[in-house]
Amino acid sequence: MDMVFHNQRDRMEILEVTQVAPTSNSPESTTEFRLPLTFSDILWFTSPPVERLFFYQLDELTPACFNSVILPKLKRSLSLTLVHYLPLAGNLKWPPNEPKPIILYTPNDGVSLTVAHSDADFNILSSNGAYDAAELHPLKPDLVTSDISASAIAVQVTLFPNKGFCIGITAHHAVLDGQTTTMFIKSWAHICKQGNDENSPLPPELTPIFDRSVIKGPDGLDMLYLNQWLATSGLDSDTSKKSLKITSAGGGAASDLVRATFEITREDFKKLRERVLPKLPDSGKEMHLSTFVLSFAYVTTCMVKARGGDGDRKVAFAFTADCRPRLNPPVSQNYFGNCNRPKFEVAKARDFLDENGFVFAVQKASGMVKDLMERWVLEGMERILSYSLDVLKETSESNLQIITVAGSPRFGVYGTDFGWGKPHKVVIVSIDKSGAISMAESRDGSGGVEIGLALNKHEMNNISWLFPRYV
Ligand SMILES: CC(C)(COP(=O)(O)OP(=O)(O)OC[C@H]1O[C@@H](n2cnc3c(N)ncnc32)[C@H](O)[C@@H]1OP(=O)(O)O)[C@@H](O)C(=O)NCCC(=O)NCCSC(=O)CC(=O)O
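Residues numbered from 1 in each chain as written. Predicted model: local features only at pLDDT ≥ 70, side-chain atom pairs only at ≥ 80, totals over all residues. Heavy atoms only, no water.

An unreviewed UniProt entry lists the chain under the name Phenolic glucoside malonyltransferase 1, from Gossypium hirsutum.

Participant: Explanation requested: the site of the ligand in the structure shown.
Facilitator: Near the ligand lie 21 residues; those nearest to it are Arg52, Ser290, Thr291, Arg326 and Arg410. Contact distances for the ligand include 3.5 Å between an oxygen atom and a backbone N or O atom of Gly178. One of the side-chain N or O atoms of Thr291 is found 2.5 Å from an oxygen atom in the ligand. Bound to the protein, the ligand loses 70% of the 1000 Å² it would expose on its own. Of the residues assigned to the shell around the ligand, the class counts are eight nonpolar, eight polar and five charged. Looking at the shell around the ligand, you find at least three residues from each of domain 1 (12-233) and domain 2 (257-467). (Near = heavy atom within 4 Å. Polar contact = N/O pair within 3.5 Å; in protein donor to acceptor, adjacent residues only side chain to side chain. Areas by Shrake-Rupley, 256 points an atom, 1.4 Å probe, with all protein chains shown as cover. Nonpolar A, V, L, I, M, F, W, Y, C, P; charged D, E, K, R; others polar. Domains from an automatic or database assignment.)

Participant: Can you help me understand the sheet that holds strand β15 (residues 425-428) in this one?
Facilitator: Strand pairing in a sheet relies on backbone hydrogen bonds, with the paired strands running either antiparallel or parallel. Read across the open sheet, the six strands follow the order β1-β6-β9-β10-β3-β15; overall the sheet is mixed. Of all the strands in the sheet, the pair left with one neighbour each is β1 (12-20) and β15. Between one strand axis and the next, the sheet turns through 15 degrees on average, direction left out of account. Sheet topology note: the strand β3 (residues 50-57)/β15 ladder contains four bridges and is antiparallel. In the sheet register, Leu53 faces β15, and the bridge partner there is Val427. Sitting on the sheet, helix α2 (residues 63-84) touches β1, β6 (111-118), β9 (153-160) and β10 (164-171), and the angle it makes with β1 is about 30 degrees. Lying on the sheet, helix α5 (residues 178-193) is in contact with β3, β9 and β10; it crosses β10 at an angle near 140 degrees. (Pairing = 2+ DSSP bridges. Helix = DSSP H or I, 4+ residues; strand = E, 2+ residues; numbered from the N terminus. Axes fitted to C-alpha atoms, helices over the stretch in contact; angles between N-to-C directions. Contact = heavy atoms within 4.5 Å.)

Participant: Hey, could you run me through the domain arrangement of the chain in this one?
Facilitator: Interface size is commonly expressed as the accessible surface area that is lost when the partners come together. When cut into domains, the chain gives domain 1 (12-233) and domain 2 (257-467). With centres defined by C-alpha atoms, the gap from domain 1 to domain 2 works out at 25 Å. Across the contact, 74 residues belong to domain 1 and 49 residues belong to domain 2. On inspection of domain 1 and its partner domain 2, the count reaches three salt bridges. One salt bridge in this structure joins Glu51 and Lys433, with 2.6 Å as the shortest N-O distance. (Salt bridge = Lys/Arg side-chain N within 4 Å of Asp/Glu carboxyl O.)

Spelled out as structure tokens, the structure:
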């Protein structure tokens, strides 16, 4: 039987759009804070923002309780948290005589917070699907970007009466990566759960580090990337034609996509390992067969099979690695900003469509991760943005299939408890713009991995057949 795709038109009402500033009682919030962008930030300069939703189920939640308890607590704790994360209350700016933009917080800056009420079906939107990808769009806030300014983050809290609420956070990728975004939201949750005590410091594992000197790369990489980004929008950094507007590079959301979440369980991983090991050279002794490698290889193979078609077509598959532990010396996980690199490979669809397609994918994925461990992790960084932009251009011009990964099972998003329990569901909305899959740890902590997909109906139908059977 084919998959059933839920499509229910929601009703959403915006109740309030406000600014939440860092609490004014702190000396920090009354001082300007400037943070330069590193090459690793500029690598993502005008990439599509990353949009996450955290659904919390509270069956008895009335509008009165939401307005008198939950919303005030969320606002107050956000304000307290921003004192520790001042750049997130600020904006990207491009001062007239500066070669590159900076992140600037000035007193009275704050985060845009949208409060909304939805009559959409909470159970469907926080389920594993499938439902129209566009159904999630009203729940995510938009960054405010213009030629001269771009907000670092935006937040939305949406009430679903008698069902629960949803927290949406949209992050500018040139300001922060997934590691920092999830550390920030866990800090907000921590302060909210602790009862908004003004004097309670953040625990060490949630305290951001702003020291840019730890990020060392080849000279001139920041300006190289900046000029490459500007060239894609027909601008250049030497003239007055500087712009902080986020372009459509990376594609806009397709309107015909549906979303679903699939889980690869610990038991599935065992089976996948058993299946692949005898087929690998030297029984896989030299392979890096982590749950990430198996998940990435498995989903890539299923996605190529789900699209089917011409074996000669090209498939670009990529993931982003966290460079913090890989740099020499290693950088703290608390480093605020971007410290990551994409890793790309291109192959023919035929390689995955073959009987041994999964074995091929495992070998490739294992090699990609091992490369990052064994070689200098910044190798090839000079070419990485031009290469990525070329691949994106080719995707829009040909039938090249691009598969990338957003999020990570390491981020522990299901531990984000604001005081009303762990999330019922966490999703990355923005995968519907970019051909990405999303990854998160299984909600029940059983060692599995959740895979979020946004595909057209035909491919989603095909993959729903492949996922359970192909393990
Ligand atoms: C490159 C990688 C994907 C490769 O992952 P692997 O798991 O294969 O390799 P690895 O060597 O790092 O880890 C191997 C083993 O170490 C253990 N391990 C190591 N670190 C861990 C951690 N922090 N938490 C839990 N387990 C950990 C695991 O048991 C794992 O085995 P096992 O798994 O078998 O038990 C990863 O190292 C990595 O960098 N992950 C973070 C990716 C990231 O930051 N993505 C977001 C990009 S920004 C983005 O996309 C935007 C956004 O999200 O906002």
